[in-house]
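Here are the chains, one letter per residue:
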Amino acid sequence: MTTPSDTQSLILSRAATRPGNLALPLPEGLVGAAAKMVVGKMIARGWLEEVEANLRHHEPMWRETGDGHGTTLIATEAGLEAIGIEPVVASAVVSARRAKAMAEPASDNTGTAKPVAIRAGTKQAQIIAMLQRPEGATVAEMVEATGWLAHTVRGSISGALKKKLGLPIAAEKVEGRGTVYKLPA
């Protein structure tokens, strides 16, 4: 597998911290032909994807399509994997982006987008992996796996995963197990 350059790694790591994995704005100083070349290589390798920008929600635009619309760039699952973000976390975030189809990004009171932190090897990534299993996971199972208290696991599900990352976590009662949380496939 090809290793990203320093510039490509910077673009992907910044995208991983933004709502919806938006790759824009590019690093300062990367403009014109140099930007087109770097982005072109990343799209060719499958690390970035060009999608329609939601201008009503002020998403940054990569290029205009000529019909009054524009495109923006998002980091793909392969792009996030290239910089070491676990595939489970990457696929959950990328699929949530596609499912929302350019939904409004989370914002604070100033109207600016909140950064979303996703790191490989964390307990949060471990919980996401458990939620993506076909059988899902209960709070007790997540407590055992992470060593957290039950209220911390529940807070992580509702705060970090649902609100910050925008993941569509479903809860259902299962006889013999209790409430089971899952990420739809």
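Figured I'd write up the structure that's included with this text. (Residues numbered from 1 in each chain as written. Predicted model: local features only at pLDDT ≥ 70, side-chain atom pairs only at ≥ 80, totals over all residues. Heavy atoms only, no water.)

Re the overall build of the chain
Scanning the chain from N- to C-terminus turns up seven helices and five strands. Of the regular secondary structure in the chain, the N- to C-terminal order runs α-α-β-β-β-α-α-α-α-α-β-β. Residues counted as buried form 38% of the 185 residues belonging to the chain. Sequence-distant contacts in the chain: of pairs separated by 6 or more residues, those separated by 24 or more amount to 57%. With an accessible surface of roughly 10100 Å², the chain has 53% of that area assigned to carbon and sulfur atoms. (Helix = DSSP H or I, 4+ residues; strand = E, 2+ residues; numbered from the N terminus. Buried < 20%, exposed > 50% of the residue type's maximum accessible area, 1.4 Å probe, protein only. Contact = heavy atoms within 4.5 Å. Areas by Shrake-Rupley, 256 points an atom, 1.4 Å probe, with all protein chains shown as cover.)

A word on the pairing of strand S5 (residues 178-182)
As judged from the five bridges shared by strand S4 (residues 170-174) and S5, these two strands associate in the antiparallel manner. Of the residues in S5, the one forming a bridge with Ala170 is Lys182. Hairpin geometry of S4 and S5 is characterised by an intervening segment of three residues between the two adjacent antiparallel strands and by a positive phi of about 90° at Gly176. (Pairing = 2+ DSSP bridges.)

A closer look at unusual backbone geometry
Cis geometry is found at the peptide bond from Leu24 to Pro25, where omega equals 0°. Summarising the element assignment, Pro25 is placed in the loop between helix H1 (6-16) and helix H2 (32-44).

Topic: the sheet that holds strand S2 (residues 63-64)
Taken in spatial order, the three strands make up an open sheet running S1-S3-S2, and their pairing is antiparallel. The open sheet has two edge strands, strand S1 (48-52) and S2, and neither has a second partner. Where S2 meets strand S3 (residues 70-75), two bridges bridge the pair, whose relative direction is antiparallel. In the strand pairing of S3, Glu64 is matched with Gly70.

Focus on the side chain of Ser156
Turning to its location among the elements, Ser156 is positioned in helix H7 (residues 150-164). Not counting chain neighbours up to four residues away, the residues in contact with Ser156 comprise Ile127, Trp148 and Leu161.

Re the side chain of Thr72
For Thr72, the position within the fold is in strand S3. There is a polar contact of 2.8 Å between the side chain of Thr72 and the backbone oxygen of Pro60. (Polar contact = N/O pair within 3.5 Å; in protein donor to acceptor, adjacent residues only side chain to side chain.)

A closer look at H2
Taking 1.5 Å per residue, 13 residues should reach 18 Å; H2 reaches 18 Å between its end C-alpha atoms and fits that length. Every buried residue of H2 is accounted for by Ala35, Val38, Val39 and Met42. Down the axis of H2, the smallest arc covering the buried residues is 90°, so these residues share one side. Facing away from the buried surface of H2 by more than 90 degrees, the exposed residues are Ala33, Lys36, Met37 and Ala44. Where H2 is buried, its residues contact H1, S1 and S3. (Expected span 1.5 Å × (residues − 1). Arc of directions from axis to C-beta.)

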